[in-house]
Amino acid sequence: MKKIFKVFLCGSFALLMNLTSSVAQDLIVTTKGDTLHCKILGIEKHSIKYSFKTDDGTEMTTEIDGSEVKQIYSKEIQDLARKESAKKETAQKSTTATENEESQNKEKDRVFRIYGGGAYSYRLGKSKSNSPLEKELLDDLRSGYEISAGVHLFITPKWAAGADFHLHKASAEVSTYSVDAKMEVDILYIGPYFLFSNEDKIGTFDAVMGLGYLGYTEKYSGNSQTEKFTSSTIGITGSAEYLFTIGDHFSIGPKLGIVISSASIEDKSTKEEEGSINLSTFNLGIVLAVF
């Protein structure tokens, strides 16, 4: 009885070892549907080298053309692939964490932003005058330039509040045999505003909307006489800009803006309102920001 049990135990152990060995083997599936139980020794550019045991236990080494192989299974290759995949995943997580940390640091650093710029500015209102000379002067006054400045306080990474200043300036002259006339116009805007900012890899897009004080000054000189007209009102400002990031704390880019407003004209002799003047301006220029 003991002898039979020993034979059974040895047979079971041998079978288990054989099954374990079979599982540990590599597998090559050919395009014809054949399966080769083997040990893959290497994968070349156009072929796969492998070894196998014949029925009598002899170990043989050969290779198969890569065009004849449909699929391979190799525990070592899979383990290596898993390790490489784990390395890439770890590296990607590390890169993402670093980028997030850098982005958070930038957002923390970007609390205040100061900007300044210059632009071509154009008056939108049409000139109204019965005098051809005055109409020519007013038409020339529609084109000017604008200087601007402001400060942003970021409440969140995408939203900021601040104060905005910009000044439209224009001048024109006309000369005839009887008249030498010059007119200068200043349109000053000062007021608070809100800013929406969206940052990408190369820069920041900003959209601005504000409501504030608008002052208008008009100075006329002609025939040894000088007249000055001033007025104040409320203006609405809006702009869109894209600032390309140059370094960690500096950016520059184009800006498109508009101011919408009008002011009343008063006859000084009667102190009665004559009408209104359109003070709306359109401007296109460049902005520099430091943060």
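Residues numbered from 1 in each chain as written. Predicted model: local features only at pLDDT ≥ 70, side-chain atom pairs only at ≥ 80, totals over all residues. Heavy atoms only, no water.

A look at the side chain of Arg123
Here comes step 1: Among the secondary structure elements, Arg123 is positioned in strand β6 (residues 112-123).
Here comes step 2: Among buried charged residues, Arg123 stands out as having no salt bridge; its nearest opposite-charge side chain is Glu218, 6.3 Å away.
Here comes step 3: Within the structure, the side chain of Arg123 is placed 3.2 Å from the backbone oxygen of Asn278, a separation counted as a polar contact.
Here comes step 4: With residues near it in sequence (within four places) discarded, Arg123 still touches Leu141, Arg142, His168, Val185, Ile187, Tyr216, Ile277, Asn278, Leu279, Ser280 and Thr281. (Helix = DSSP H or I, 4+ residues; strand = E, 2+ residues; numbered from the N terminus. Buried < 20%, exposed > 50% of the residue type's maximum accessible area, 1.4 Å probe, protein only. Lys, Arg positive; Asp, Glu negative; His and termini not counted. Salt bridge = Lys/Arg side-chain N within 4 Å of Asp/Glu carboxyl O. Polar contact = N/O pair within 3.5 Å; in protein donor to acceptor, adjacent residues only side chain to side chain. Contact = heavy atoms within 4.5 Å.)

Some points on the confidence of the model for the protein
Here comes step 1: For the protein, per-residue confidence averages 80 on the pLDDT scale, and 80% of positions sit at 70 or higher.
Here comes step 2: With pLDDT under 50 throughout, residues 1-24 is counted as low confidence; its partners more than four residues away or in other chains account for zero contacts. (pLDDT = per-residue confidence, 0-100.)

Some thoughts on the sheet that holds strand β11 (residues 225-245)
Here comes step 1: Pairing in this closed barrel of eight strands is antiparallel, and the strands run β6-β7-β8-β9-β10-β11-β12-β15 around the ring. Taking each pair of neighbouring strands and ignoring which way they run, the sheet shows an average axis angle of 20°.
Here comes step 2: One ladder, built from 10 bridges, connects strand β7 (residues 143-154) with strand β8 (residues 159-175); its direction is antiparallel. Residue pairing for β8: Ala149 is matched across the bridge by Phe165. (Pairing = 2+ DSSP bridges. Axes fitted to C-alpha atoms, helices over the stretch in contact; angles between N-to-C directions.)

Overview of the side chain of Asp164
Here comes step 1: If you trace the backbone, Asp164 turns up in strand β8.
Here comes step 2: A distance of 2.3 Å separates a polar atom in the side chain of Asp164 from a polar atom in the side chain of Tyr115.
Here comes step 3: For Asp164, the residues in contact, after removing those within four places along its chain, are Tyr115, Ala149, Tyr189, Ile190, Gly191, Tyr193 and Thr237.

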